[in-house]
Structure formats: structure tokens, C-alpha cells
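Structural features, examined
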Amino acid sequence: MLGNSTLGNKSYFHKLKELHDALFSSNDMEKHPLKGNASIPMSSPASYQAFGDKQSNGQHSKGGGGQGRGERRGVSVSSDDDMLDVTASGMSDHILQDELTASHCGGVTFAGVGDSDDIPGIGQYDDFHTIDWQRDIARDRMRHRYIVKRRQNSILDLVKGAHDAWSGWLCVLLVGIFTGAVAGVIDIGATWMSDLKYGLCPQAFWLNREQCCWSSNETSFNDKGNCSQWLMWSEVLIQAKDGAGAYLISYVFFISWALLFALLAAALVRMFAPYACGSGIPEIKTILSGFIIRGYLGKWTLIIKSVGIMLSVSTGLSLGKEGPMVHIACCIGNILSYLFPKYGRNEAKKREILSAAAAAGVSVAFGAPIGGVLFSLEEVSYYFPLKTLWRSFFCALVAAFVLHSINPFGNEHSVLFYVEYNKPFLFFELIPFIALGIIGGVIATLFIKANIRWCKFRKVSRLGQYPVTEVLVVTAITAVLAYPNPYTRMSTSQLIYLLFSQCEPQSAGLCDYNVESIPGKSGAQFSPGPEMFSAVWMLVLALVFKFVTTIFTFGMKVPCGLFIPSLCLGSIVGRIVGMGVQALAYHYPNVWIFSGECSSANSQCITPGLYAMVGAAAVLGGVTRMTVSLVVIMFELTGGVRYIVPLMAAAMASKWVGDALGREGIYDAHIHLNGYPFLDSKEEFEHTALAADVMQPKRSEPLSVLTQDSMTVDDVQALLKDTEHNGFPVVVSRESQYLVGFVLRRDLNLALENSKRTLEGIRGDSLVLFVTTPGLAPAPGMPPQLKLKKILDMAPITITDQTPMETVVDMFRKLGLRQTLVTHNGRLLGVITKKDVLRYIKQIDNEDPSSVLFN
């Protein structure tokens, strides 16, 4: 690698020693430039915004994603203020270890330490751009070294060091507290507004049905039907609870309240926070990968999403609030991170807080703190170091504790669907459990394909121009069709709880069993009653209804999640299958698979509620493609720890079937539908091309570059005007094309504007210098030179033109690159950007490369 440098023909170690002596013998590193150096650094903290991308379009890249999972090591450290004037690739970390602890070491400065920024705005990111993971992580390490070194100077510096050490824990503590509090308010508000469709509490209208009935002696917690404190709308208006008139009044109020809530939710989203619609998880995955979407995690999005999800859930639409809770928690994490400059001013560090916030969101949504941590790790986070795991666990714990203290569910359990049966499952039941996994995978695949097709139609048709009208129409149809069926009239969470519950003898509907005593034996046999068959048919209709309405609901311009509808679909299927297996065990007790437990005098050997729980996990796993986190969430959600094996079997079967029928889960499908630049680190590609085949521009096309010391201000401005690239390589000269560094278009614009404001005598014919060249002083009568070495990245990551694209794609995914420069024998040939990589992947997948959104 050093063969292309200008260090001469001496041995490598002798060259390295000379370089070391040159670096540390003077504080002015600019006296030792390495002109024409085309060496390739072994590791670099710099990966800048894509050359070749449009400035107006930005570089959307999921791949920021963080430097994979694990620590990154950089040879040199770039900062907002200056770049280390060393590009020799043979240089290792330990050479710079001591010097980089200073606030200004040989020309290296960085924001927040030592000298302030000379050029305002340098190091920040524009909207719809990818963050520079390598630079941000390096900046944080330099800041940390500076603080550690100064701790011995004074008590104040010691306190500052301690504050820096525990600021991360304090930040996630605040995130957990606020997330739990907001979740409690949302749960209480959504329950009250949902009950408002059926009636109200005259004594205290702000109480929901359960709270209103707490003072009544006529009801128990699980039986709210006979509560005289709660009045239905028909009782309020005509003092009648039954009859055609009462039914009609209740029907009209049900539809009217649903339309009112839907109108408010859609109007608030449209007027105040367009980013508050949908689930938010696809965008959270993209943001956590290192992408900038200004306003998506802002205060208005937080407020409107919190209010809107209460309204949306209350409409009775087939949606849930669990997915949006992740978005809300990340909004809280983003806002609170600005209280701590360590995280607020560093986008890479901020994503550690956002990962912990995502875990807290799932924790309060399901009462599943451990599942929340695993969900953040498995599903949404791209960069998840060990310390983020600890802080995510702490944040989820605090959020769950705060929510449990608020007690929005009104019982002693902090989970949504607590199950009370504790019978062990039978070995032969693994067969129907795996069958449920297969069915769940098929249902999930059909749903994903149908929903994506409908969302595509919405985007290209005139329907997308009328989002509020669409919401009102879907709400009206849903309310009109849902009310006649008692299983669709109730809220989705209540239906899931009913399907998970264990039946009591001599109940109605799904629990209509005839109790038959067995002569000569203790115990009884339960046989299906007449109401059970009609209940099964209504469940089948509810399944079809929920499936169809969820297709049209998910993706509308209101806050809407997909966890609860998926659980509902799976629980209906599972309950029906469980009741079928139970009927087989009753009618054929002597068959060999039932001859053990089911032929004895036990009350019931088959628990349909367990099948509902397994089916719910199967469909949710097929829709989201979750595995480990799904199983943990399900047993935390229900308290059924002993049923981990059935849940695992169903989740794996569902994922296998889903992957066989379609590669993507619902969130990845929506990421690609919206064109977000997401480079999945878990996907595998078959690459046959080389870097030279993908780079821009092609060999026959001219390359837009800056020269290190021969361009004027007018030349630079003309290049900026004639091109729309987001960055430019800096070379020794146009003839040699030996690489010197890389500069961002945004930084170049800011530097030119700043020089015109602050420097006297700068004219259009002023020479622009990106390196300090000895002897190149301005001639008498000539304008002063403009030195822009501070914005130059002198250690860009480079590859050769013969590098396989498999290696290039892995570099982009695991290092979070924004671009890499392509060289041949040390001479610059072109650039490969994240956009080029995404286009290449689309091409090898036989998809339209233009479908990736870069605006």
C-alpha cells in the first residue's frame, strides 16, 4: 500500500519511524504534507455523503446503520474542525493514541472540546441524508479522551467527567419515566373513548365502564354486563336497554362516535404532524440505521401521535397502539437526548438512546420489558453494542415499573392478556401447533402481499390525494359491518382476551359446554353445546372481516399499529383449531393419540385458549418475521411461561413458511415500498460484479474533482453550480489524479460563505488550498488565499477497481459507509455511493432501481 506514497524507497519501518518523528516533533503538522499520497488506510473514521448523489435528493441510506454490531477502530480521527494531516495507511492506532487526547493536537480540533468551531454548521446533517457513523464515533472517542485527561486538573473537571460517565444512564432513566407515563395516559384515554361509543357513566362521565362499575355491588371485575352505574346510550335517551329502538340507537351512536374519532385523528395528522401517521416502525428502523428524517421524532409528532392513537383505537378500526408506542417512545428519546450534548450533538450516539427508547416502547405496549429489549435488538436496531443492551434493559424496566404504578388496566397484572390455565400441553399437540405455524405463515404472506398492493394503488391513484376521506369511508364501512357481530363489535384487545381465556362451565357462546358426569368415576366430561356452533361461525366471519379490513386500514393517514390485529387474526384461527381438536378428543377418545390423557376422567385435556395463544404468535411472527423476541413477548404478554415450546415451534414454522412464500416481513416491505434507503445486514446476495462495474462515473466519462492547490474560488463555485454531487474527491492535479482526500458539498458551501463574511480580500480569483504547500505564497498584488484544509477528510475509505462487489456491499453494511472511492494503482477512478449499491442490489433482484427514493 505504501508503494504509491511519496515516502521514498526506504524500508517500511524506517518510513514509519520518520513519519512518527515528523508528527510529534512539531505542533504544526501542515509542515509535513504527503503530496500525491494514494495510499489506502487500513481503517478510517470518515465515510462521507455520496459523491454522485443529488444535493437536493440527499443520500438515503439505511446502511448507516451503524457500524455493524461491535466496536469500530479508526486509524485516524476526523472532526468537525480539522482533519489529521496523515494519510499513510501503515500508521496504526498507538502512534496517535497520546496526542489525540489533547483539545488541539497538531491541527486536530473537534466540536465541544478546546477551540470552538471556526465554521458554523460544519459536521451537521441535512434532511434525508445519511449520518457518518465513523466520524461521529471517532468524535465521541476524542471527546471522551479529552475529558478523561482533564479530570485530574480540578474538582470541576472531575465532576464534569462523572457527569459524562452517568449521563447515558440518566438519559435512559428519564426516557423510561416519560414513556411509562405517556403510555399510561394513552391506555386510560383510549379505554375511556372506546367505551364512549357504547354509553357513559352519568355520575362521572370521565370514567370508563370498568371504573364506573367499581362502586357498584352488582358486578364483579370480569362481569360488567349487570352494572347499573353504567348506562348505554339507549338507556340515556329512551330508558330502554333491549328492543329494536334501543338496538338502533346504540347502532347509530356506535357509528357516529367512530366517525367523529376518525375525523379528528385524520385531521390532526394532516394539519399538524404528517409524520404521525402509520405504525412508525419502518421509519424507526431506517432512522436507527443512520438516516436523517427531520421532524419524524419531533415534539409535534409526539403530541399528535399520542392523541391520534387514542382516537384511532377508539374508532374500532382494525389497528393497535403497540407499534405507534415504539414511535412515541423514540420521539421521547430524541427530545430528551438534547438535554445531554453528548447525545444531542452526536447522531451516532443519539441512536443508542433511540434503541433503548424502542425497547421501552414495546415494554409499555405489552408489559414485556425483556421482550422489548430483544425486539430492539432483533427487529429495529442496527448498531447495538453491549452498553446499549444494558441501558435498554434499564430503560424498559423503568418504563414498565412506571406503567405498573399507574395501573391503567385496573388489575394486579401488568400484562394485557393474562392467562390463568396452567395445564401442561400434551406431546401430540405439537402437531396442531406446527400446523398453526404453517397456517399463520400463509395468512401473514397473503396479508403482506395484499396490503402492499393496496398501498401501491393508493400511491399512484387519486385516492392518495384524499387521505381524510379514505379514513372516514373505511371507518364507516368498518363500523357498519362490525356492530351486528358481537365478536367484531367489541374492541380487538377484548376479543383477544376472550379467545385466550379459559372457559367456565355452563357459559354461553364459545364456552357453551354440556357437563356430563361419568358413572363410577370422579370428574365430568364436557361436550359442545348448541351455542358453540353458531359462535364458531361468527368467529369465521370475524376472521374474514378482520383480515379484509386490516388490509385496507394499515397504511392509512392515521396512527395505526399491526401487532394487535395480527394477534387477533391468529387467536381466532387458533381458537377454532383448538375447539376442533377438542371436539375430536370428545368424539374419538379411544384413538391412540387421545388414549392417554383424554380417555381418563379429567375435566378437559385440550385447552382451546392455548391454541389461540399459539395461533396469535404464528400470525404475528409471519407478519413481522420475528422469532426470539416474539416468543419472549408472548409469554410475558400472557404469563404462560410453561408454553414456550409450543410458541417456539409455531414461530419457527411460521417464519419458514413466510420466508418460503415471500422474503420480506411487513416492515421491510413498507420500507421498500416507500423507497427508504435500507441496506439490510441480514440479507445475503450473490455478487458477480467488480467495483469498476458499479462505480460512477464510468471509465469513459469525466470525473468531477477538486485539485489541492490550483483552483480559484470562481472555479470551485462553477463546479458547485454545474454539478449536483454531494461530495468531491480532492486530487493532486487533474493530470495525475492521485487522491488527497474528500470534501462534502455542504461543508464546501459553508466554508465559502463563511470566508466571504469573515475574511477580508477574498475574491473570485483567490486561490483555494486544501493542503499547505511550502513556497506557495500569494504574489504581490494578488488576493489572499483561502485555506480549506479544515474541511478536508484526508483518510477516505478507498478500494481498488478489482474489489468484488460482495466485499463492497459488506463494507457498506458493516461499516455504515456513505461512499467509497475507487482507485487503480493509486489513481482515482470513481466513487461508489450507497445509492449505487442499492441500485445494484435492485438490479440483481430484477427490480426497478428507480424505486429507491432519494428525495
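Structural notes, computed from the coordinates. (Residues numbered from 1 in each chain as written. Predicted model: local features only at pLDDT ≥ 70, side-chain atom pairs only at ≥ 80, totals over all residues. Heavy atoms only, no water.)

**Let's talk about the overall build of the chain**
As a reminder, the rule being used: Numbering goes from the N terminus for both helices and strands, where a helix is a DSSP run of H or I of at least four residues and a strand is a run of E of at least two. Exposed residues in this analysis have more than 50% of their type's maximum accessible area, buried residues have under 20%, and partly exposed residues fall in between, with area computed by a 1.4 Å probe over protein chains only. Contact definition: two residues touch when any of their heavy atoms are within 4.5 Å. Throughout, the Shrake-Rupley method with a 1.4 Å probe supplies accessible areas, and for residues the shown protein chains are the sole cover considered.
The secondary structure content of the chain amounts to 29 helices and 13 strands. Relative to its full complement of 855 residues, the chain shows a buried share of 57%. Residue pairs at least 24 apart in sequence account for 76% of intrachain contacts in the chain once pairs closer than 6 positions are excluded. For the chain, the exposed area adds up to about 34700 Å²; of that, 61% sits on carbon and sulfur atoms.

**Focus: the nonpolar core**
Here is the rule: Buried Ala, Val, Leu, Ile, Met, Phe, Trp, Tyr and Cys residues form a nonpolar core when they are joined through side-chain atoms within 4.5 Å. Where each domain starts and ends follows an automatic or database-derived domain assignment.
The biggest cluster of nonpolar side chains holds 127 residues, and the ones touching the most others in it are Phe-366, Phe-375, Phe-500, Leu-567 and Met-634. Considering each element in turn, this core owes the most residues, 11 residues, to helix α21 (residues 608-624). Counting the residues that make up this core, at least three belong to each of domain 1 (173-196 + 274-406) and domain 2 (427-674). Once residues within four sequence positions are removed from consideration, Leu-567 is found in contact with Phe-366, Phe-417, Ile-496, Ala-616, Leu-620, Met-634 and Leu-637.

**So, the pattern of salt bridges**
Stated precisely, the cut-off is as follows: A side-chain nitrogen of Lys or Arg and a carboxyl oxygen of Asp or Glu constitute a salt bridge if their distance falls within 4 Å.
Applying the stated rule across the entire model yields 16 salt bridges. Between Asp-140 and Arg-143 there is a salt bridge; the shortest N-O distance is 2.6 Å. In this pair, Asp-140 and Arg-143 both sit in helix α3 (residues 133-150), three residues apart, roughly one turn of the helix. A single burial state applies to Asp-140 and to Arg-143, both of which are buried.

**Some points on the pairing of strand β13 (residues 827-833)**
Which entries qualify depends on this criterion: Note on pairing: DSSP must find at least two bridges between two strands before they are called paired.
Burial analysis of β13 places five of its seven residues in the buried class, the great majority of the element. Bridge count for strand β12 (residues 819-824) against β13 is six bridges, and the pairing is antiparallel. Counterpart to His-824 in the pairing with β13 is Arg-827. Counting the residues in the hairpin turn of β12 and β13 gives two residues, including Asn-825, whose phi is positive at 55 degrees.

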